[in-house]
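Descriptive structure summary
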2 protein chains.
Amino acid sequence: MATGNPSKLAGLARQLRVDSVRCAEVAGSGHPTSSLSAADLMAVLLAKYLRWDVSDMTNPQNDHLIFSKGHASPLLYALNKAAGIVSDDELVTYRALGSRLEGHPTPSLPTVDVATGSLGQGLPIGVGLALSGKLLDRLPYRTWVLCGDSELAEGSMWEAFEHAAGEGLDKLTAIVDVNRLGQRGPTRYGWDTGAYARRIAAHGWHTVEIDGHDLSQIDQAYAEALAVGRPTAVLARTTKGAGVAEVADQEGRHGKPLPNGREAIAELGGISDIWIDVPEPEYLAPPHQFRAPADYEPQPYEVGEEVATRTAFGQALSALGHARPDVLGLDAEVADSTRMEYFAKEHPDRFFQFFIAEQQMVAAAVGMQSRGWVPYVATFAAFMTRAYDFIRMAAIGNANMCLIGSHAGVEIGADGPSQMGLEDIALMRAVHSSTVLHPCDANQTAALVGAMAEQRGISYLRTCRGDCPVIYHYDEEFYVGGSQVLRSSPDDALTIVAAGITVHEALGAADILAEEGVAVRVIDLYSIKPVDVFTLRQAAQETGCLLTVEDHRPEGGLGDAVCGAFMTGGPPPVMIKLAVHDMPGSATPAEQLRTCGIDRVGIAAAARAYLAELDATGEL
Amino acid sequence: MATGNPSKLAGLARQLRVDSVRCAEVAGSGHPTSSLSAADLMAVLLAKYLRWDVSDMTNPQNDHLIFSKGHASPLLYALNKAAGIVSDDELVTYRALGSRLEGHPTPSLPTVDVATGSLGQGLPIGVGLALSGKLLDRLPYRTWVLCGDSELAEGSMWEAFEHAAGEGLDKLTAIVDVNRLGQRGPTRYGWDTGAYARRIAAHGWHTVEIDGHDLSQIDQAYAEALAVGRPTAVLARTTKGAGVAEVADQEGRHGKPLPNGREAIAELGGISDIWIDVPEPEYLAPPHQFRAPADYEPQPYEVGEEVATRTAFGQALSALGHARPDVLGLDAEVADSTRMEYFAKEHPDRFFQFFIAEQQMVAAAVGMQSRGWVPYVATFAAFMTRAYDFIRMAAIGNANMCLIGSHAGVEIGADGPSQMGLEDIALMRAVHSSTVLHPCDANQTAALVGAMAEQRGISYLRTCRGDCPVIYHYDEEFYVGGSQVLRSSPDDALTIVAAGITVHEALGAADILAEEGVAVRVIDLYSIKPVDVFTLRQAAQETGCLLTVEDHRPEGGLGDAVCGAFMTGGPPPVMIKLAVHDMPGSATPAEQLRTCGIDRVGIAAAARAYLAELDATGEL
């Protein structure tokens, strides 16, 4: 079609509306009214501005479109039909088992880069894509983000406005569908697009206020966004349910099919099959070519050296940056603590500072990984929780990224519980596709930092604050799913299973017990997910008891991971779990471990109690 | 002292500096430079504006002071010394084991309402206190929040600015210590207080820009905040490390004792013992008196009725609101989905709408509970994760609050994984002091909603989207830590342990197996934390196998909670865990449960497989 033809544009908008309504009709659920409000906005975008090589959605020159208001998925799929990517037959599989057209968008559709559906995420992820375009891919593609007005209440949106302006992301456009009605009623500002414009402009964006159903105003706004040289927010006043009189601008119509879908389709002009020649990307710059990776040569540490695992992480990541040109470092203003600063110094062009905005940091990583980069994202384990919803959504979108949580557990000492990562293993284990690693020395850390880059899904590395002795030779191999048996004899009376700082305490406990004539096995379970089922089962069979010890809450951590190894294949062994039960205050690291009963003295005492009980009863 | 006397004010400021430096000296850690920058700001506040009845910090007329930049705790404790609340002897216990003067503030000190130390939380919590003052306590106390400039990067701060302006919280003052330097280097805007002022003003606040070391400018700014009738941000340009030449305005001085503490103390004028007559609160209105609670009379449901547990929650909370005048309802724009709307309709004066700002919602609850109110906070279980860092911090501050996560698991059906709470049990179990409840029918839900109000700590109730049959009589009793044995016989071949929707599937599986001549026990484990160890152990002993089934990820959920019951007291039974292993797409609820193997067919199949193996081998 001649995309400049206004009546054809109007026809396209009508078709997007009809197809949106049809989606909800066939599924018996979905958000047609939230799709109707944005149909005109998307019609103009598709026909005139969005540059897609529909024959190759992996073309690096392609623009990117994110539905931050992911519930408007019917509109997204209607748009994909008009672009020739989804057939009409497929369109009506919306929300059916096995369909690519899920209730909320996921990358199972090639035009979708990232999963959305939890509000407030699309724009910060778009910031990541725009950063990639500007600073990594160095290509002039644009990132268009369709936002809802309700989601502007999410703080993560303001992190995104701040960061995009701070980084001068002129290729980023937010299209805000100001339809006045949230899920349960009117938004705070209703149709006052000025209220949004004043705020967003104060954060450094260019803003345009328009009637979101006036095709020429929309056209002009997008043209302005292209020309202005700053990130632009198009604040479009729209009507929820626009085009269908029965539901237009009505409360109580969110997230359900129209009451009279058939009549609505007729009212909108009936089913059509307009197909759009989506503008192709211009070839303005050569696409980024990754040079071949070199060998990863992390700094070796001598056995007995005292090195914090966080330091080893930073040094290893820096080495990995030399080996792999696709590795990135992302920080939320704590690089000196997480030791990301080593990477920052040697690879300033691949280091990204997000200030204290963990949601924006993780969201940016999601955007960057969708372009093939390998982001390492580090903050305190305790503060990574801030971005959990983004991590959860990243897993839904099959994202690959590496997260590092430092300052694990009570071992940090005097700073107190606000700074202690005590729930992080539980959180990260529960993420679909996740890998959870917790090294205990510098050489092991370096090996795992390298392994993470090869890993699919969400990988998490937990590091400790304090220096601790190197116990492994730098040639030792460590891998995802592995463990290391550190003490073993035919006479082992039980097995201590530990990770991170507690490995050192477990070894100390083994020494104490050895002096008392008791041999115990010690396993360094550095891969907490996946867990080394074989080694744990062997230890269970040979020693009859697994005593787990972790610097973490009792729930969802190492102990539960060990239990998980015995969920099939017969009865589990006796298990004893040592963990952080009480709320710590401030104290020295040694006092903290002692108070929680997870230092060598506490472990030895627990072992003795078990053995005494065993002696007394012959069983437990 | 005559608080208007400028030289004495300067003396107080010097003392606050000296005592801040001393804290870090004795502890060998801490944040003296971040305390020095705000000392003048706090000296004027303490001497002239902050109204505290130091003889009774529970006096409802008292002002509230929150250190959002919690790492400036040395300054807070120095201020408490000057107010006569902390002795000089106690001051030097800073960060020692057992001291109330922790690395970051907690309510172990009576002048501290809430725990801080994770940045970006103090201001949104202050919004909760200011809301309490305006709409609940109806007292003219003021809430003063000392913020850092770095933490303005957190989206949660902008949620707070938005909400405070929207609610017209004129008794809320943010004092922003713009010291230019974050933890690892300069902030984005450095000393450009105008950059902050423009943004904050755009969000509806009154702003004042001052020199934060000029006592009279500070005085004037606070006077203006009192007079202006809007929430006010005082943007104070300060010098990090002010007063000590060696560290003033230097990078690399964050979070560590001064290099030459003794000399610094001398440079600052040496140790002094100025004691301030803190202004007392005026008695301007009678304090709020809660009327005596009435009997809680939730709506009874008939066995066999089809009612969603989310609906039962909403109706029960509404009934609880009639019984208890201290119960509040907090929503993030999904009250129609969580069914909080029942409460909203009947108790509009105790219902709070936060729009889609989960962090602000939970933070407000933290503030409100510190004033003795009992907040119930509801959103989708998936979106509650957004506020996890606030929940974690609330537990550190001994907060009591009730959280409700709706739309649990794949059972929601067609909306897809972005809307499914699949990690929430793992997250909430790991919270210190938490209670985790997951009812399966309407009468049970109603009973637990009532029980939560009596519970200390963080209580979490998980509800389901779809209607399901009422299986318990409304007179049945349910309690925290309980469970219900639904099927039991002397011949039970194994025990199925379920909660929520899977209870109904477990009963269905028991029926299927019964038809095949196999008796199984069924336990409704509605209290997931604490867990009913006695009943689980009895079932283990009598049936030899526990088959857990949950609509949740395999990690950290019901199955792991059941394992936890066997961490002491002898070997565990055979355990089999059914859970959601793969990533769901869209489908009907029944298809979802079937695909994940957690419906009655899947449960029966798992039971059969276990029994066949047992038959074949005589053991497993």
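Residues numbered from 1 in each chain as written. Chains lettered and ligands numbered in written order. Predicted model: local features only at pLDDT ≥ 70, side-chain atom pairs only at ≥ 80, totals over all residues. Heavy atoms only, no water.

Going by this rule: UniProt positions are given in the numbering used here, feature names are shortened, and annotations may be inferred rather than shown by experiment.
You'll find chain A entered in an unreviewed UniProt entry as Transketolase, with Phytoactinopolyspora mesophila given as the organism. Word for word, the UniProt comment on chain A under Sequence similarities (unreviewed entry) is "Belongs to the transketolase family." The record in UniProt for chain A states the following under Subunit (unreviewed entry): "Homodimer."

**A word on the overall build of chain A**
We count it as follows: Helical segments are the DSSP runs of H or I of at least four residues, strand segments are the runs of E of at least two, and each set is numbered from the N terminus. Atoms counted for the radius of gyration: C-alpha only. Globule rule: 2.2 Å times residue count to the power 0.38. Each residue is placed in one exposure class: buried if its accessible area under a 1.4 Å probe, protein chains only, is under 20% of its type's maximum, exposed if it is over 50%, and partly exposed if it falls in between. Two residues form a contact once any of their heavy atoms are found within 4.5 Å. Computed by Shrake-Rupley with a 1.4 Å probe, the accessible areas treat only the displayed protein chains as cover when residues are assessed.
A count of helical and extended segments in chain A gives 23 helices and 19 strands. A compact globule built from 620 residues should have a C-alpha radius of gyration of about 25 Å, and chain A, at 28 Å, falls within 12% of that. The principal-axis extents of the C-alpha atoms in chain A amount to approximately 90 × 50 × 40 Å. Residue burial in chain A is summarised as follows: out of 620 residues, 68% are buried. Put simply, of all contacts in chain A between residues at least 6 apart along the chain, 78% involve residues at least 24 apart. Just so you have it, chain A exposes about 18700 Å², and 48% of that area is on carbon and sulfur atoms.

**Details of the relation of the copies chain B and chain A**
The operation relating the two chain copies consists of a rotation about an axis and a shift along that axis. Rules: We superpose the copies by least squares over the C-alpha atoms of residues that have a pLDDT of at least 70 in both of them.
With an RMSD of 0.0 Å, the operation that places chain B on chain A is a rotation of 180° combined with a shift of 0.0 Å along the axis. Both chain copies can therefore be described as sitting about a two-fold axis. An overlap of 99% is found between the interface residues of chain B and their copies at the interface of chain A, pointing to a shared contact surface.

**Some details on the interface of chain B and chain A**
Applicable threshold: Summed over both partners, buried area is the accessible surface (1.4 Å probe) that two parts give up on being assembled. The term salt bridge refers to a side-chain nitrogen of Lys or Arg lying within 4 Å of a carboxyl oxygen of Asp or Glu. Gly is placed with the polar residues, together with every amino acid not listed as nonpolar (Ala, Val, Leu, Ile, Met, Phe, Trp, Tyr, Cys and Pro) or charged (Asp, Glu, Lys and Arg).
Across the boundary between the two partners, chain B contributes 104 residues, which contact 103 residues of chain A. Around 8300 Å² of area is buried between chain B and chain A when both sides are counted, 52% of it from carbon and sulfur atoms. Taken together, the connections running from chain B to chain A amount to 14 salt bridges. Here the side of chain B that touches chain A is built from residues that sort into 40 nonpolar, 36 polar and 28 charged.

**Some remarks on the confidence of the model for chain A**
Caution applies to low-pLDDT regions: their predicted coordinates should not be interpreted in detail. Where we set the bar: Note on scores: pLDDT gives the predictor's confidence for each residue, bounded by 0 and 100.
The predicted model of chain A averages 96 in pLDDT, with 99% of residues at 70 or higher. Scoring of the predicted complex yields 0.98 for pTM and 0.97 for ipTM.

**Digging into the nonpolar core**
The condition is simple: Buried residues of nine kinds, namely Ala, Val, Leu, Ile, Met, Phe, Trp, Tyr and Cys, make up a nonpolar core once their side-chain atoms join them within 4.5 Å.
Residues Leu 330 and Leu 536 of chain A together with Leu 330 and Leu 536 of chain B are the most contacted members of the largest nonpolar core, which totals 164 residues. Within the second largest apolar cluster, 60 residues are counted, among which are Leu 320, Leu 448, Leu 461 and Ala 509 of chain A.

**Examining the side chain of Ser 132 of chain A**
Residue and element names in this part refer to chain A. Here Ser 132 shows up in helix H6 (residues 122-136). Here Ser 132 falls in the buried class, since its relative accessible area comes to 0%. In this view, Ser 132 contacts Asp 137, Arg 138, Tyr 141, Gly 367, Met 368, Arg 371 and Trp 373; residues no more than four positions away in its chain are not counted.

**Here we look at the environment of His 432 of chain A**
Within the element layout of this structure, His 432 of chain A appears in the loop between helix H17 (424-429) and strand S11 (435-437). Once the C-alpha coordinates of His 432 of chain A and Ala 395 of chain A are considered, the two residues, 37 residues apart in sequence, prove to be 6.0 Å apart.

**Observations concerning the sheet that holds strand S4 (residues 206-211) of chain A**
All names here are of chain A. For clarity, the cut-off: The criterion for strand pairing is that DSSP finds at least two bridges linking the strands in question. For helices, the axis comes from a line fit to the C-alpha atoms of the stretch in contact; other axes are also lines fit to C-alpha atoms, and the angle between any two N-to-C directions lies between 0 and 180 degrees.
Taken in spatial order, the five strands of this open sheet run S1-S2-S3-S5-S4, and their pairing is parallel. Looking at which strands have only one partner, the edges of the open sheet turn out to be strand S1 (64-67) and S4. Averaged over all pairs of adjacent strands, the angle between their axes in this sheet comes to 20°, without regard to strand direction. Pairing of strand S2 (residues 143-148) with strand S3 (residues 172-178) involves six bridges; the strand directions are parallel. Across the sheet, residue Thr 143 finds its bridge partner in S3, namely Leu 172.

**Quick look at the pairing of strand S10 (residues 401-406) of chain B**
All names here are of chain B. With respect to burial, S10 is a largely interior element, six of its six residues being buried. Neither face of S10 is exposed, since Met 401, Leu 403 and Gly 405 on one face and Cys 402, Ile 404 and Ser 406 on the opposite face are all buried. Inspection of the sheet shows strand S9 (residues 374-380) paired to S10 by five bridges, in the parallel sense. The residue of S10 that forms the bridge with Ala 378 is Ile 404.

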